[in-house]
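Structural overview
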Amino acid sequence: MQSAGTTALRTLARDLWSGGRGWILLGVAGGWFLSLGVRLVFPALLPYIRTEFSLGLTTAGLLITVLWVAYALGQFPGGVIGDRLGEGNALVVSTLVSGTMIAVVAVSNTALILFLATALFGFSTALFGPARFTILSGIYDERDGTAIGLTLAVGEAGNAILPVVAGLLAATVSWRLGFGMTVPLFFLMTVVLYRVVPGKLTEESAVDSLSIGTLKYVGRGIAERSILIVTGVHVFLFFVYQGFTGFYPTYLVEMKGLSPSLAAGLFGLFFASGVAVQPIAGASGDRFGTRPTLYVVIAITTLGLAALPFIEGFTGLVIVTIVASSLLGVTPLTQTFLVNALPEDMKGSGLGLLRTGHIALGATGPLVVGVVADLNYFDGAFLGLAVLSAAGIALTALVPDD
């Protein structure tokens with residue numbers, strides 16, 4: 001006889017795969033594997049980039065901030081493109097341009113070219129951001145949180161694999177190959193997305209152009225208390241995420257005495273743990289609700305971050321890295337809540353505008369951490385992130401029932 005757990009898993013798999021939706025889920029998840037994973041290659045290779053271009057910690061932090069600010073600025077245009085031209089088309093354009101820009105990063109010979117190509121890469125990957133949520137929310141009813149959590153988990157697999165591989169290539173060959181190896185993968189994924197994801201899934205849209213009128217209309221749509229509160233929670237935790245991931249490998253090298261390749265390995269472990277954390281968080285949100293699940297996820301994250309400066313030894317660092325990966329469970333909870341709360345005729349644009357705001361604010365995290373680290377308070381910078389995480393717990397108390 002089959003156990004109840006086995007039956008439930010088979011039912012879940014059938015629901016996710018039925019009606020041709022499984023291929024769309026795989027295409028979106030594969031594109032996100034690259035789009036997110038390559039962005040996290042930047043922190044893993046930051047020690048090599050600092051040496052190549054003679055960058056201080058503050059300037060190195062600014063590079064990561066530029067990447068994510070550009071990603072933030074592309075969210076609203078990305079949402080409009082998804083609503084106007086089609087979600088699948090937005091994914092194809094994003095992946096094609098991203099592959100081109102990362103090729104420029106790989107061959108850059110001045111800091112100016114590096115910064116410009118990084119900014120354009122961040123902006124192009126932003127087109128992938130809102131569309132993947134609206135696609136999955138549109139094709140799944142009761143399983144949208146689970147589908148989004150699985151997609152994000154595949155992205156964390158990209159974060160776990162690509163930075164580690166890039167770090168090994170940088171240690172043995174060149175940091176440029178660490179970026180360059182992903183270029184053909186982007187172009188291949190462009191073809192896959194074109195074939196498996198419909199160009200346009202929804203016909204109804206009140207967003208016809210990128211204009212002041214559009215911005216005002218979308219602004220009125222998102223000005224709802226529950227939407228703003230959940231966005232506020234995400235702002236706190238995304239700042240923590242950016243500050244942590246932007247400098248974790250460098251922190252391990254500078255403060256814990258690890259080699260760059262070993263630091264990249266722990267960085268990969270953080271995201272490998274997220275492969276389990278994000279689907280569990282998404283499924284828990286579907287079953288128990290957003291607010292109670294957020295309490296648990298953020299509390300565990302805060303404990304991990306607060307313990308990090310006091311941990312010595314490789315085993316301890318492995319444990320605290322796994323605990324801190326609970327931070328990755330925030331996104332499937334907040335983004336599923338938001339995409340379901342937004343009006344039907346502006347889901348992509350509304351989510352894009354919200355993401356522009358919270359990602360732009362959160363993207364200042366690496367710059368702030370870099371400045372504090374340059375003042376010889378690297379440990380203090382990470383303790384500050386733990387304090388901000390705790391503030392996210394307080395704000396979660398205002399999150400309404402789903």
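Each chain has its residues counted from 1, following the order in which its sequence is written. The predicted origin of the model limits local features to residues at a pLDDT of at least 70 and limits the giving and counting of side-chain atom pairs to 80 or more, whereas totals for whole chains, interfaces and linings rest on all residues. To obtain the side-chain values, all non-hydrogen atoms of the structure were included, while hydrogens and water were left out.

**A word on the overall build of the protein chain**
For the purposes of this entry, the term helix denotes a DSSP run of H or I that reaches at least four residues, the term strand denotes a run of E that reaches at least two, and both are numbered from the N terminus. Along its length, the protein chain carries 20 helices and zero strands. Expressed as a percentage of the 402 residues in the protein chain, the buried residues total 56%. Working rule for contacts: check all heavy atoms of both residues, and any pair within 4.5 Å makes them a contact. For the protein chain, restricting intrachain contacts to residue pairs at least 6 apart in sequence, the fraction spanning at least 24 positions comes to 86%. Only the protein chains shown count as cover for residues, with accessible areas throughout obtained via the Shrake-Rupley method and a probe of 1.4 Å. Accessible surface, the protein chain: about 15,200 Å² in total, of which carbon and sulfur atoms supply 69%. Only protein chains enter the calculation, and the probe is 1.4 Å; a residue is then buried if its accessible area is under 20% of its type maximum, exposed if over 50%, and partly exposed in between.

**Description of helix H2 (residues 21–39)**
Take the number of residues in a helix, subtract one, and multiply by 1.5 Å to get its expected span. Taking 1.5 Å per residue as the helical rise, H2 with its 19 residues ought to reach 27 Å, and the 27 Å between its terminal C-alpha atoms agrees with that figure. In terms of residue burial, H2 counts as a mostly covered element, since 15 of its 19 residues are buried.

**Some thoughts on empty space enclosed by the protein**
A cavity, in this analysis, means grid points on a 1 Å lattice covering only the protein atoms where a 1.4 Å probe fits yet has no way out; a pocket is instead an open set bounded by protein on both sides within 12 Å along at least five of seven lines, and a residue lines either one if it has an atom within 4 Å of a point. Grid points are joined across faces, edges and corners, and a volume is the space filled by probe spheres set on the points. Across all of its chains, the model carries two cavities of 30 Å³ or more by this definition. What the largest cavity holds in volume is close to 240 Å³. As for the largest cavity, its lining consists of 20 residues, and the residues nearest its centre are Trp32, His234, Phe238, Tyr241 and Thr331. Every element with two or more residues in the lining of the largest cavity is listed here: H2, helix H4 (57–73), helix H9 (144–172), helix H13 (225–256), helix H17 (330–341) and helix H18 (347–362).

**Considering the environment of Leu55**
Its location among the elements puts Leu55 in the loop between helix H3 (41–53) and H4. Exposure remark for Leu55: the relative accessible area of 10% places this residue in the buried category. Counting along the chain gives 56 residues from Leu55 to Ala111, while the straight-line C-alpha distance between them is 8.9 Å.

**So, the packing of aromatic side chains**
What counts as a ring pair is set by centres within 6.5 Å for rings of Phe, Tyr and Trp (its six-membered ring), and what kind of pair is set by the plane angle: stacked under 30 degrees, edge-to-face over 60, tilted for all other angles. A complete count under the given rule lists 19 aromatic pairs for this structure. Taken together, a centroid distance of 6.2 Å and an interplanar angle of 80° make the contact between Phe121 and Phe186 edge-to-face. Note that Phe121 is positioned in helix H7 (residues 111–126) and Phe186 in helix H11 (residues 183–196), a separation of 65 residues in sequence. Judged by relative accessible area, Phe121 falls into the buried class, the value being 0%. Residue Phe186 is classed as buried on the basis of its relative accessible area, which comes to 1%. Within the aromatic cluster, the residues linked to one another by ring pairs are Phe244, Phe247, Tyr248, Tyr251, Phe267, Phe270, Phe271, Phe378 and Phe382. When the ring centre of Tyr71 is taken as reference, the NZ or CZ atom of Arg39 above it lies at 4.0 Å. Should the NZ of a Lys or the CZ of an Arg lie within 6 Å of a ring centre and within 35 degrees of the ring normal, that charge is described as sitting over the ring.

**Some thoughts on the pattern of salt bridges**
Basic side-chain nitrogens of Lys or Arg form a salt bridge, by our definition, when they fall within 4 Å of a carboxyl oxygen of Asp or Glu. On inspection of all chains with the given rule, the structure shows three salt bridges. The salt bridge involving Glu52 is made with Arg176; its shortest N-O contact spans 3.2 Å. A residue pair is termed long-range when its members are at least 10 positions apart, and Glu52 in helix H3 and Arg176 in helix H10 (residues 175–180) qualify at 124 residues. Since its relative accessible area comes to 23%, Arg176 is described here as partly exposed. In this structure, Glu312 and Lys256 form a salt bridge, with 3.7 Å as the shortest nitrogen-oxygen distance. Highlighted residues: Glu312 in the loop between helix H15 (290–307) and helix H16 (314–324) and Lys256 in helix H13, separated in sequence by 56 residues.

**Here we look at a nonpolar patch on the surface**
A residue counts toward a patch only above 30% relative accessible area and without a salt bridge, and it is joined to like-charged neighbours within 9 Å or, for Val, Leu, Ile, Met, Phe, Trp and Tyr, to nonpolar neighbours within 5 Å. Where nonpolar side chains cluster on the molecular surface, the patch consists of Val93, Leu96, Val97 and Phe187 and spans about 300 Å² of accessible area. Looking at which element gives the most residues to the nonpolar patch, the answer is helix H6 (residues 87–107), with three residues. On the basis of relative accessibility, which here comes to 34%, the residue Val97 falls in the partly exposed class.

**What to know about the nonpolar core**
Residues enter a nonpolar core if they are buried and are Ala, Val, Leu, Ile, Met, Phe, Trp, Tyr or Cys, with the set joined through side-chain atoms within 4.5 Å. Formed by 109 residues in total, the largest nonpolar core has its most connected members in Trp68, Phe179 and Phe382. Broken down by element, this core gets its largest block of residues, 14 residues, from H13. If we ignore the near neighbours within four places in the chain, the residues touching Phe382 are Phe244, Phe247, Tyr248, Tyr251, Leu305, Leu308, Pro309 and Val369.

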